[in-house]
Amino acid sequence: MKKSLINRLKKIKERMIELETELSNPEITSNREKLLKLSKERSEIYPVVETFDEFSSVSEDILVAEDWLSDPDLRQEAQKELDELKTKLCLIEEKLQSLLLPKDPNDTKNVIVEIRAGTGGDESALFAADLYRMYIRYAERKNWTSEILSSNESDLGGFKEIVIRLAGDSVYSLLKFESGGHRVQRVPATETQGRIHTSACTVAVLPEAEESSQILLPPDELRVDVFRASGAGGQHVNKTESAVRITHIPTGTVAECQDGRSQHKNREQAMKVLIARVQDKETQIQQEKIAHERKSLIGSGDRSERVRTYNFPQGRVTDHRINLTSYKLEQILDGFLDDFSNNLIAEHQANLLAEINN
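What this report covers is the structure whose coordinates are included nearby. Computed from a predicted structure; not experimentally measured. (Residues numbered from 1 in each chain as written. Predicted model: local features only at pLDDT ≥ 70, side-chain atom pairs only at ≥ 80, totals over all residues. Heavy atoms only, no water.)

**Notes on the sheet that holds strand β2 (residues 145-153)**
One key point about sheets: their strands pair by backbone hydrogen bonds, in either a parallel or an antiparallel sense.
Logical step 1: Strand order in the open sheet formed by eight strands is β2-β3-β1-β5-β4-β9-β10-β11, with mixed pairing between adjacent strands. Strands at the two margins of the open sheet, each flanked by one partner only, are β2 and β11 (324-326). Neighbour-to-neighbour, the strand axes of the sheet open up by a mean angle of 15°, direction not taken into account.
Logical step 2: Inspection of the sheet shows strand β10 (residues 316-319) paired to β11 by three bridges, in the antiparallel sense. By the bridge assignment for β11, D319 is matched with L324. (Pairing = 2+ DSSP bridges. Helix = DSSP H or I, 4+ residues; strand = E, 2+ residues; numbered from the N terminus. Axes fitted to C-alpha atoms, helices over the stretch in contact; angles between N-to-C directions.)

Dropping the structure here:
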């Protein structure tokens, strides 16, 4: 292992000793907020320190075994033990590197998924509906809950735009690489001559903001408009102004919701979407500032970036960022996304490990 990593691990261990000293201080234990903060930090670095101690112990055993090699009577046994210890050390080193990977603070959060039809007209809107169903089925397989926050249906039953909330265990960590352009190649239902058309949709996966994040949007920075809902919904939508549109004036970010029957519910949902969009804009600005640095092979997740193609005639799905092709198109559209999500996560971690070792 590189000396720089060893030094980093030693500093983490020193911090662990400091934390244990602080946590035994009566002044700290009587301060609940400080106690929780320090306890959380300790729990986060404890696995690193524990594994580093194991690494140090095995490294010492290797030195002892190497000394035994000079003794003719012990050489054969020492060599056998040395081989086993070196294999064990390699596994511990891999585990340590994995533990040192920077954590995405959003990985445990719920998400807001925005799916928008792009080029391709009605066919694009139908494809948006396919993607919506794919993510809903994936959520069901993960035992997540789903909720439509906003939708705009097309004439043929697709979606010009649909915004959904998915909640559960580590949702963002599994879906964050879905952001980008999704392309479909197939013969549309409206095509009379059997020609294959190419259409596209954009997907944006936004981590849901914490409840406390609403203070980031002061009331004097918001403009709230109410209006009558349009589209399906019966007589109710024509009688009351239940739809809500909220504009964040400083950034020009807009979110609206008209799916709920009450103005209060629509306002609550629109606010969730607005906060997520504003925070996403801030994140994109930060990412642009470091764009000159080494770019991950899985891409930036930019909405304009083509990430995946769904080819119906050939029954294949290709993720262009990691050159992964699957011929299980029907299963994938039915929510079996683990092959893609697992490989994207693995590629991302490999890139992070490469940066740590540089």
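What follows picks up the thread again.
**A short note on the pairing of strand β1 (residues 111-117)**
Logical step 1: The buried fraction of β1 amounts to five of the seven residues, a majority that puts the element mostly inside the structure.
Logical step 2: Of the pairings in the sheet, the one linking β1 to strand β5 (residues 197-207) comprises seven bridges and is antiparallel in character. Across the sheet, I115 pairs through a bridge with V203, a residue of β5. (Buried < 20%, exposed > 50% of the residue type's maximum accessible area, 1.4 Å probe, protein only.)

**Some thoughts on unusual backbone geometry**
Logical step 1: Here S170, not a glycine, exhibits a phi torsion of approximately 55°, which is positive.
Logical step 2: Look at S170 and you get partly exposed, because its relative accessible area is 24%.
Logical step 3: Although it is not a glycine, N323 adopts a positive phi angle of roughly 50°.
Logical step 4: On the secondary structure map, N323 appears in the loop between β10 and β11.

**With respect to the pattern of salt bridges**
Logical step 1: Considering all chains together, one arrives at 25 salt bridges under this definition.
Logical step 2: Close ionic contact of R133 with D334 constitutes a salt bridge, the shortest N to O distance being 3.1 Å. With R133 in helix α5 (residues 121-141) and D334 in the loop between α9 (329-333) and α10 (338-357), this residue pair connects regions lying 201 residues apart in the sequence.
Logical step 3: Judged by its relative accessible area of 43%, R133 is partly exposed.
Logical step 4: One salt bridge connects E208 with R165, and the closest N-O pair in it is separated by 2.6 Å. With E208 in the loop between β5 and β6 (222-227) and R165 in strand β3 (residues 159-167), the pair connects residues that are 43 residues apart, well separated along the chain.
Logical step 5: Taking relative accessible area as the criterion, E208 reaches 13% and is therefore assigned buried. (Salt bridge = Lys/Arg side-chain N within 4 Å of Asp/Glu carboxyl O.)

**Describing the nonpolar core**
Logical step 1: Membership of the largest hydrophobic core comes to 33 residues, with the highest contact counts inside it found for V113, I115, L131, Y135, L166, L175 and Y310.
Logical step 2: The set of elements that each furnish at least two residues to this core consists of β1, α5, β3, α6 (171-175), β5 and α9.
Logical step 3: In terms of residue count, the dominant contributor to this core is α5 (10 residues).
Logical step 4: Apart from residues no more than four positions distant in its own chain, Y310 is found in contact with F127, L131, M134, H182, R183, V184, Q185, R316, V317, L329, I332 and L333.
Logical step 5: Counting 23 residues, the second largest nonpolar core, distinct from the first, contains M16, I62, L85 and L96. (Core = buried A, V, L, I, M, F, W, Y, C linked by side-chain atoms within 4.5 Å. Contact = heavy atoms within 4.5 Å.)

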